[in-house]
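Listed here are the chains, written in short residue letters.
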Amino acid sequence: MEKPTQRVVVTSPRTRAPRARRPYSGTREINEQSELGAVYMRTLIRAQRRLGLSVCLVATGALALLPLLFAIDPELGRFRILGLGLPWFLLCVATCPMLLLAGWFYVRQAERSEREFAELVERP
């Protein structure tokens, strides 16, 4: 009579050992103000500066188009919304939500950029 075959799991003894950390993480490079840390920080600052300038450019462009729009078609200035002329309505009422939306978008994207940066520098 034969014995039933028995399965044996063979693993390396190192599978349960903790993973060795990198000797120099990105956060350490930044804290020590090394050249690599400076490159990391310049990259983050450059990305946030680009984002800020883009948001400002779009918001300023939208506001700058209003006088041009009313100069091209003066008839638009005669429309009334809630008792206000269309130019005043757009400048006084519609720009506030637009600027709030631009600020919300900037903060959301800047936080995302910082999260991605933190993941990049802290990953093992």
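Residues numbered from 1 in each chain as written. Predicted model: local features only at pLDDT ≥ 70, side-chain atom pairs only at ≥ 80, totals over all residues. Heavy atoms only, no water.

*Asks:* I'm lost on the overall build of the chain in this one. Help?
*Replies:* Scanning the chain from N- to C-terminus turns up three helices and two strands. Across the chain, helices and strands are ordered from the amino to the carboxyl terminus as α-α-β-β-α. In the chain, buried positions account for 19% of the 124 residues. Counting contacts in the chain only where the partners sit at least 6 residues apart, residues at least 24 apart contribute 61% of the total. Looking at the chain as shown, the accessible area adds up to about 10700 Å², and 62% of this sits on carbon and sulfur atoms. (Helix = DSSP H or I, 4+ residues; strand = E, 2+ residues; numbered from the N terminus. Buried < 20%, exposed > 50% of the residue type's maximum accessible area, 1.4 Å probe, protein only. Contact = heavy atoms within 4.5 Å. Areas by Shrake-Rupley, 256 points an atom, 1.4 Å probe, with all protein chains shown as cover.)

*Asks:* Which parts of the structure should I look at to understand a nonpolar patch on the surface?
*Replies:* A cluster of nonpolar side chains, namely Leu65, Leu68 and Ile72, defines an oily patch on the protein surface of about 320 Å² accessible area. Within the secondary structure, Ile72 is located in helix H2 (residues 35-72). (Patch = residues over 30% accessible without salt bridge, like charges linked within 9 Å, V, L, I, M, F, W, Y side chains within 5 Å. Salt bridge = Lys/Arg side-chain N within 4 Å of Asp/Glu carboxyl O.)

*Asks:* Would you explain helix H3 (residues 86-122) in this entry?
*Replies:* End to end, H3 covers 52 Å across 37 residues, agreeing with the expected 54 Å (1.5 Å per residue, within 8%). Buried residues of H3: Leu86, Phe89, Thr95, Ala102, Gln109, Ala110, Ser113, Phe117 and Val121, and no others. (Expected span 1.5 Å × (residues − 1).)

*Asks:* Just to check I follow, could you spell out the UniProt feature "transmembrane region" (unreviewed entry) in the chain for this structure?
*Replies:* As recorded in UniProt, the sites labelled "transmembrane region" (unreviewed entry) are residues 51-72 and 84-107. This span, residues 51-72, is 100% helix and 0% strand, and a straight line between its end C-alpha atoms measures 31 Å. Here residues 84-107 is 92% helix and 8% strand, with 32 Å between the C-alpha atoms at its ends. (UniProt positions renumbered as here; feature names shortened; annotations may be inferred.)

*Asks:* Would you take a moment to explain H2 for this structure?
*Replies:* An α-helical turn contains 3.6 residues, so a residue and the one three or four places further along point in the same direction. The terminal C-alpha atoms of H2, which comprises 38 residues, lie 54 Å apart, in line with the 56 Å expected from a rise of 1.5 Å per residue. All buried positions along H2 are accounted for by Gly37, Tyr40, Leu44, Gln48, Leu51, Gly52, Val55, Ala59, Leu66 and Phe70.

*Asks:* Could you clarify how one ought to interpret unusual backbone geometry in this entry?
*Replies:* Unusually for a residue other than glycine, Leu82 sits at a positive phi of about 55°. Mapped onto the fold, Leu82 is located in the loop between strand E1 (80-81) and strand E2 (84-85).

*Asks:* Quick question: what am I supposed to make of the packing of H2 against H3 here?
*Replies:* Each pair of packed helices gets described by two things: the angle between the helix axes and the distance between those axes. As a packed pair, H2 and H3 sit with axes 10 Å apart at the nearest point and diverge in direction by 165°. It follows from the interaxial angle that H2 and H3 lie roughly antiparallel. For H2 against H3, the interelement crossing comes out right-handed. Looking at side-chain class alone, the contact of H2 with H3 contains 24 nonpolar, five polar and one charged residues. (Axes fitted to C-alpha atoms, helices over the stretch in contact; angles between N-to-C directions. Parallel < 35°, antiparallel > 145°, perpendicular 65-115°, else oblique. Left-handed = near helix turned anticlockwise from the far one by under 90°. Nonpolar A, V, L, I, M, F, W, Y, C, P; charged D, E, K, R; others polar.)

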